[in-house]
Amino acid sequence: MASTEEDFITDEAIFRAGDGSSQYHCPTCSIPFGRVEELCTHLTDDPLCNAVPIPHALRQPAGPDEDRMGRYHKKSGSIYGFNRPNTFERMKAHDYETACEHNVYYPFSGREEWELAKFLIENLNQGQISRFLKLLWVKSEARQQPTFKTVSQLITFMDALPKGPPWRCTTIETEGYVTAHPVHLIWCDALEVTKHIFGNPVFANDMEFDPYEVIVNGEREYGEWMSSLCAHDIQDELPRGATIVPIVLALDKTPVTRQTGGLKMYPTFLMIANIRSDIRMKATTHAWSCITYMPIPEYICNPEFSSLLQARMWHWCMDIVCENLKHAAAVGMGMVDPLGFLRYGFTPLVAYTADLPEQQMIACVSKNASPVTLAIQPQFGDGKVYGPHTGQGTLKALEELGQRIDPWKVQEFQEATKVLYLSGVHLPFWNNWCFADPAIFLSPELLHTCHKFFFDHVLKWCKEVVGADELDTCFHSQHKRTGTHHFRQGILHVQQMTGREHWDIQRTIVPTIAGVVDPDFVRASSTNSNMPFLHAEARRGSSGPIEHFAIPKLELLASFARAIPQLGSITQFTADVSERMLIMQCKNPFERTSHQCATFTQQVVHLLDREETARQFNLYALLCSNSLSLNNLIINEFDEVVNMDPMLGWIMHVAPEELSRLHGPRPVRNHFLKGLLSEDSRIAFHITVSSDHTHKTPPFLAQERQSCTHNSLPEPST
């Protein structure tokens with residue numbers, strides 16, 4: 001760390017001293033200054049030129065009778081240079097830079113041909129594209145024909161566009177253990193992906209670079225990751241002026257084929273917690289990027305060892321993908337943010353979103369142990385809070401065991417690790433990643449730990465007590481309500497639901513069963529108290545009542561309170577986004593491949609590479625063709641918009657006439673901001689989708705209106 005830190009200190013000294021003739025231009029208004037101190041004073045005094053976004057938590061006004069105070073960390077990130085190329089500006093430098101000066105859409109003839117090519121690539125497979133290009137309507141001389149005549153020419157054109165981090169293929173071989181098929185690791189360098197996201201100007205207005213704390217009435221408020229204790233602890237250990245680029249990963253084992261094939265994979269997604277949580281929690285904002293596709297190898301060996309060898313293979317592959325990222329976490333490196341500012345960035349792993357089996361694989365613990373606490377299966381659900389299962393404790397146990405037993409004597413080593421409640425993985429990928437501790441970065445996961453746990457357990461207990469038909473009737477007879485799923489056919493017939501439907505059942509279960517069962521059971525269903533379920537013999541197996549609550553996910557609930565101060569709000573780490581990403585980047589692309597499992601991974605990588613290239617190039621070319629800046633400056637004029645895609649917000653600001661040509665989620669506006677809310681407001685209105693008087697006649701509506709007006713008139717004063 002010392003050499004890199006000294007390089008940055010030297011660069012900063014040279015930057016401050018200048019050469020006597022250098023001028024420092026404001027990155028917003030371009031006014032030149034002779035000294036860097038004068039530029040810093042200008043940026044501080046002029047709010048219009050202070051381009052660094054302020055966190056929402058620090059901009060939020062104090063409420064009535066509320067004392068609210070916020071402050072940044074005293075060693076938080078410095079800026080070491082201005083006007084550096086961000087992700088979009090780096091796209092200018094490629095093999096066809098000269099040709100693009102005359103035609104931004106080169107190698108395509110223009111925007112019209114580019115939009116046709118983008119549509120074909122994103123919606124059709126190669127066979128369908130080939131048949132489309134052979135249509136007489138396309139080949140007719142009455143209209144201008146596309147410059148690409150075949151699908152191979154179209155792919156060649158797409159591959160000539162400026163690209164992001166390249167994909168690679170590495171063959172993984174294990175000596176002594178044979179797999180049924182070769183293992184090909186398809187991956188991107190995680191550090192290059194991180195720099196690509198960190199410098200993306202789409203997120204310029206929605207990023208945080210400095211840890212901060214917010215104190216409300218003497219108590220600390222936790223929200224974004226930068227407000228957490230972990231952010232401050234890491235910043236304390238870094239050199240003064242360093243910027244944290246917190247890494248968030250997501251993993252889920254998933255089948256990618258439908259009905260046939262049975263192909264399963266471990267896709268891994270990466271995101272940085274600098275981006276505001278409400279932005280990165282939407283899959284449509286493309287804040288997440290896939291960094292690896294790893295097929296699960298099939299070992300030709302004793303089935304008892306197969307899962308252990310697969311886990312070791314996964315950790316080995318993750319070590320390859322994240323090698324440079326771990327180096328940057330240790331010594332830091334220069335990284336350009338969306339505004340073109342050079343920062344001294346460090347990349348610690350701060351969160352890993354995964355379901356329980358994947359969490360146990362990551363933490364290298366056995367299936368009868370908690371991945372984040374020291375609790376083991378007999379202690380699950382006993383209501384006690386156990387200490388954290390730290391990474392240092394795991395590494396120490398593995399080191400001591402490795403001195404006695406060779407880890408590649410798999411049977412002997414696995415039996416010894418079972419006694420310690422470990423899985424047998426001897427080289428965790430996180431072992432040399434600075435600040436990485438599974439007890440901290442394995443974040444609580446709401447989708448599986450809360451909503452799926454309720455559906456798999458609590459709802460079944462309610463069925464036993466209430467009666468399945470009675471419970472189904474209760475849900476069927478509920479009134480329809482805007483924003484809540486109405487189960488018109490009940491819930492018994494549903495075999496698989498989305499997380500949102502789990503949530504809707506969970507938040508309506510208390511009024512559904514109230515009055516039908518004992519009040520203690522109602523309270524227990526909302527507080528996860530165990531004893532009333534036992535008294536009612538609600539938890540039953542195939543052979544009768546189950547007299548214990550040793551449920552692994554029930555144990556994970558006990559770690560939520562400790563995780564919130566460490567990581568911030570846990571809703572920002574839910575698996576809803578990664579589940580959606582699996583559909584978008586694994587299952588849907590399979591429909592546009594040749595449906596061959598042997599080459600599926602390579603085909604999907606090429607498809608996603610072209611889709612990502614097309615999506616990014618589309619915005620880049622639109623800005624360049626309209627001679628617009630590639631820097632996304634702060635936008636403060638859409639205050640009534642409370643939920644907007646950042647890309648659409650950028651275009652709405654600089655080129656509103658182009659907004660109709662882009663696709664994305666529609667903005668959500670708060671129409672109550674302009675004169676409809678008062679400071680002492682106490683009433684909220686529930687607006688239904690359609691009027692209750694849709695089928696009433698005009699005379700009836702006029703009579704109703706007259707009656708309402710008469711009843712609302714005040715009494716005359718005397």
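Quantities reported herein were computed from a predicted structural model and do not represent experimental measurements.

## A word on the sheet that holds strand β8 (residues 243-244)
In space, the three strands of this open sheet follow the order β8-β14-β13, with mixed pairing throughout. Only two strands of the sheet have a single neighbouring strand rather than two, namely β8 and β13 (333-336). The sheet contact formed by β13 and strand β14 (residues 342-346) spans four bridges and is antiparallel. When the sheet's bridge partners are listed, Val-336 is paired in β14 with Leu-342.

## Observations concerning the environment of Val-458
Tracing the backbone shows Val-458 in helix α18 (residues 446-466). Overall, the relative accessible area of 2% leaves Val-458 in the buried class. Separated by 80 residues in the primary sequence, Val-458 and Ala-538 have C-alpha atoms spaced 9.0 Å apart.

## Observations regarding the pattern of salt bridges
Scanning the entire structure with this criterion turns up 18 salt bridges. Between Arg-111 and Glu-115 there is a salt bridge, with its nearest N and O atoms 3.2 Å apart. Pair noted here: Arg-111 and Glu-115 are both in helix α5 (residues 111-123), with a separation of four residues, about one helical turn. The closest approach of N and O atoms between Glu-122 and Lys-118, which form a salt bridge, is 3.1 Å. Taken together, the residues Glu-122 and Lys-118, both in helix α5 and four residues apart, mark about one turn of the helix. Residue classification places Glu-122 among the partly exposed residues on the basis of a relative accessible area of 27%. Each of the salt bridges in this network shares a partner with another, and the network as a whole consists of Asp-159, Lys-163, Asp-609 and Arg-610.

## A few points about the side chain of His-196
Structurally, the position occupied by His-196 is in helix α9 (residues 190-198). Among all residues touching His-196, those that are not within four sequence positions of it are Thr-87, Arg-90, Gly-164, Pro-165 and Gln-616.

## A short note on the nonpolar core
If you look at the biggest cluster of nonpolar residues, it comprises 139 residues, and the most contacted ones within it are Trp-225, Trp-314, Tyr-352 and Ile-362. With eleven residues, the top contributor of residues to this core is helix α26 (residues 600-625). Once residues within four sequence positions are removed from consideration, Ile-362 is found in contact with Leu-251, Trp-314, His-315, Tyr-352, Ala-354, Phe-429, Trp-430, Phe-441 and Leu-442. Within the second largest apolar cluster, 23 residues are counted, among which are Phe-453, Leu-459, Phe-521 and Ala-538.

## Description of the side chain of Asn-274
You can see Asn-274 is positioned in the loop between β11 (264-272) and α11 (277-280). Classification of Asn-274 as buried rests on a relative accessible area of 0%. Polar contacts involving the side chain of Asn-274 include one to the main-chain carbonyl oxygen of Ile-244, which spans 3.1 Å. Beyond its immediate stretch of four places on either side in the chain, Asn-274 contacts Phe-198, Asp-206, Met-207, Glu-208, Phe-209, Met-226, Ile-244, Val-245 and Pro-246.

## Quick word on the packing of aromatic side chains
Here the structure, examined in full by the defined rule, presents 18 aromatic pairs. Between the aromatic rings of Tyr-352 and Phe-441, the centroid separation amounts to 6.5 Å while the plane-to-plane angle is 40°, which identifies the pairing as tilted. Placement of the pair is Tyr-352 in strand β15 (residues 349-353) and Phe-441 in helix α17 (residues 438-441), with a sequence separation of 89 residues. Grouped by ring-pair contacts, the aromatic residues Tyr-105, Phe-108, Trp-114, Phe-148, Phe-157, Phe-617 and Tyr-620 constitute a single cluster. The ring of Trp-408 has Arg-312 sitting right over it, with the charged end atom 4.9 Å from the ring centre. The positively charged end of Arg-343 is found above the aromatic ring belonging to Phe-209, 4.1 Å away from the centroid.

## Comments concerning unusual backbone geometry
Residue Pro-107 is bonded to the preceding Tyr-106 through a cis peptide linkage, with omega at 15°. Summarising the element assignment, Pro-107 is placed in the loop between α4 (97-100) and α5. Backbone geometry at Asp-65 places phi at a positive 55°, although glycine is not the residue there. The exposure class of Asp-65 is exposed, given its relative accessible area of 80%.

## A word on helix α25 (residues 576-590)
With 15 residues, α25 should reach 21 Å at 1.5 Å per residue; the first-to-last C-alpha distance of 21 Å fits that figure. Along its length, α25 reaches its greatest deviation from straightness, about 30°, at Ile-583. Val-577, Ser-578, Met-581, Leu-582, Gln-585, Cys-586, Pro-589 and Phe-590 are the residues of α25 that are buried. Against the buried residues of α25 lie β9 (247-251), β10 (254-255), β11, α11, β12 (289-295) and α26.

The rules we used
- Residues numbered from 1 in each chain as written.
- Predicted model: local features only at pLDDT ≥ 70, side-chain atom pairs only at ≥ 80, totals over all residues.
- Heavy atoms only, no water.
- Pairing = 2+ DSSP bridges.
- Helix = DSSP H or I, 4+ residues; strand = E, 2+ residues; numbered from the N terminus.
- Buried < 20%, exposed > 50% of the residue type's maximum accessible area, 1.4 Å probe, protein only.
- Salt bridge = Lys/Arg side-chain N within 4 Å of Asp/Glu carboxyl O.
- Contact = heavy atoms within 4.5 Å.
- Core = buried A, V, L, I, M, F, W, Y, C linked by side-chain atoms within 4.5 Å.
- Polar contact = N/O pair within 3.5 Å; in protein donor to acceptor, adjacent residues only side chain to side chain.
- Phe/Tyr/Trp six-rings, centres within 6.5 Å; stacked < 30°, edge-to-face > 60°.
- Lys NZ or Arg CZ within 6 Å of the ring centre and 35° of its normal.
- Expected span 1.5 Å × (residues − 1).
- Bend = angle between axes of the 7 residues up to and from the residue.

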